[in-house]
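Survey of secondary and tertiary structure
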2 protein chains.
Amino acid sequence: MSGHLSPIQLDSYRPLRELVCETIRQAIVDGVFSPGERLMEIQLADEMGVSRTPVREAIRKLELEGFVVMIPRRGTYVADISIKDINEVYEIRTSLEVLAAGLAAERISDEELETMQRLLVEIGQHIEDGNIEKIVEIDTAFHDVLYKASRNGRLAGIINNLREQITVIRRRSMMYPGRLRNTMEEHRLLVDSIAAHDVDRAQNAARIHMENAEHTLLKDMLESAERKRK
Amino acid sequence: MSGHLSPIQLDSYRPLRELVCETIRQAIVDGVFSPGERLMEIQLADEMGVSRTPVREAIRKLELEGFVVMIPRRGTYVADISIKDINEVYEIRTSLEVLAAGLAAERISDEELETMQRLLVEIGQHIEDGNIEKIVEIDTAFHDVLYKASRNGRLAGIINNLREQITVIRRRSMMYPGRLRNTMEEHRLLVDSIAAHDVDRAQNAARIHMENAEHTLLKDMLESAERKRK
DNA sequence: ATTCAAAATTCTGTATACAATATATTTTAC
DNA sequence: GTAAAATATATTGTATACAGAATTTTGAAT
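Residues numbered from 1 in each chain as written. Chains lettered and ligands numbered in written order. Predicted model: local features only at pLDDT ≥ 70, side-chain atom pairs only at ≥ 80, totals over all residues. Heavy atoms only, no water.

**A short note on the pairing of strand β2 (residues 68–71) of chain A**
Residue and element names in this part refer to chain A. For clarity, the threshold we go by: Burial classes: relative accessible area under 20% of the type maximum marks a residue as buried, over 50% as exposed, and values in between as partly exposed (1.4 Å probe, protein chains only). Numbering of helices and strands runs from the N terminus; a helix is a DSSP stretch of H or I covering at least four residues, while a strand is a stretch of E covering at least two. One bridge is not enough; two strands pair if DSSP finds at least two bridges between them.
On β2, burial follows the alternation: V68 and M70 on one face are buried, whereas V69 and I71 on the facing-out side are not. As paired strands, β2 and strand β3 (residues 75–78) are joined by four bridges and run antiparallel to one another. Within β3, the position partnered with V68 by the bridge is V78. In this antiparallel pair of consecutive strands, β2 and β3, the connection spans three residues, and R73 shows a positive phi of 65°.

Listed below in structure tokens is the structure:
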């Protein structure tokens, strides 16, 4: 019963269920709802000022996406993320990011390449003034261009879903000391090899980027668990 | 308005939406509903003897899984599969099957290994008497053991979803002349390398298996399109 | 005969009502 | 005082009702 959700205002012509779904997903990602917390349909519906129907449909979708767990006749709970989950997600993501990087190196257009390079510069600027929110935003855009350049719509969808599933902690690990500059360097290698249409190097850069990201994430999780204990 | 769906009998305590979802999915996979065909909630509900609510929830799930396409305020249509789709699915599947094979080679238990070998023998027997239905069934079980041995639950889920999305035509291409025996040989290589816990060989076997499967599938699709034209 | 417009119908989107089950609370028996 | 059973309450699962939008049909005009 902790969080307040902003009431939905019906943007005519996207279905309510979509708006509701995004609102709840964002609330989970932002930590408004804690892992393990129970989500009740009536309560959510009241807070957002809609009926139970679109809320139910939104919850079903979030279950498919892995953000909540439903137990029949018992209720819905916010999924909590374990080390095991991180491992699973990164095993798959590594494989798919490598694929995407290789495909992008083959298929990217000059225009997309320019966009990526521009976004990279922008991230660099925001690292200077430490604007995390902005960095996360541009980083997402950066990766979206890459996935799009792979010319495989499903691939982008699957990767994005996997990314979102761990966004809660991903954001935090970005602030891990020194991680931002490393990320920057890894991204530059990735862009360079894609620009050279060098499939092997692009795949390698993607793999290294993933391994480092996972490593930082796990380190951060362990340290924060440590802090909690004492 | 072609197909008849069997009425749902409420298996007490699995939610209706699950049963409805499986019924519709199976109907799509079995070709009861043709690609592009419109699915109407009331009609489906009546045929299965339930209300619209569980049907709606089932359709939302099928949309996430890629079996149907929803256009807001317009309706739901059975997704139709194009060459582009086949390409996309196999690009991703290859990557993930290679991952799964590698992980399985590292992590499989002796018991699981025995099961895989047993299933392989069973498939061989059914190739003799040409029982396609049975082969598809055992083949599915065979792969399920492999995914399980990868010790990555999400991976199994994603691959199975991708597999199902093209089951409609996958089944047909299995009957392509000579394909069954080739599949058998590829499976044997895969099992052997996993049994030897040889990661590289297992990954290679998986990659080759996928490439051949896709190749046959595309060949079959092209030939059947050819037949249709005249 | 064809085309455009308006009315009617059909279907989706959302809200609400009802039924069934799980959980919490209270009462009773030991 | 504790434990078990019965009752009460809350919440999910399903059905239905109503509103609004899209499509189809019908009719008239060119």
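**Here we look at the relation of the copies chain B and chain A**
Note the threshold: For this overlay, a least-squares fit was computed on C-alpha atoms, restricted to residues scoring pLDDT of at least 70 in both copies. Contact definition: two residues touch when any of their heavy atoms are within 4.5 Å.
Once chain B has been moved 0.1 Å along the axis and rotated by 180°, it coincides with chain A to within an RMSD of 0.1 Å. In short, the pair behaves as if placed about a two-fold rotation axis. The share of interface residues of chain B whose copies in chain A are also at the interface is 100%, consistent with both copies meeting through the same surface.

**Concerning the interface of chain B and chain A**
Put simply, the rule reads: The term buried area denotes the loss of accessible surface (1.4 Å probe radius) that occurs when two parts are joined, taken as the sum for both partners. Salt bridges, as used here, are contacts in which a Lys or Arg side-chain nitrogen is within 4 Å of a carboxyl oxygen on Asp or Glu. Under the rule applied, a polar contact is a pair of N or O atoms within 3.5 Å (in protein, one hydrogen donor and one hydrogen acceptor; residues adjacent in sequence only if both atoms are side-chain atoms).
Listed by partner, the interface residues are 31 residues for chain B and 31 residues for chain A. Summed over both sides, the interface of chain B with chain A buries roughly 2,700 Å², with 51% coming from carbon and sulfur. A per-residue breakdown of the area chain B buries against chain A is headed by E91, I92 and R154 of chain B, which together make up 22% of the total. Where chain B meets chain A, there are ten salt bridges. Scanning the region where chain B abuts chain A turns up 19 residue pairs in polar contact (both at pLDDT 80 or more). The greatest single-element share of the side of chain B that touches chain A, amounting to eleven residues, is contributed by helix α4 (residues 83–107) of chain B.

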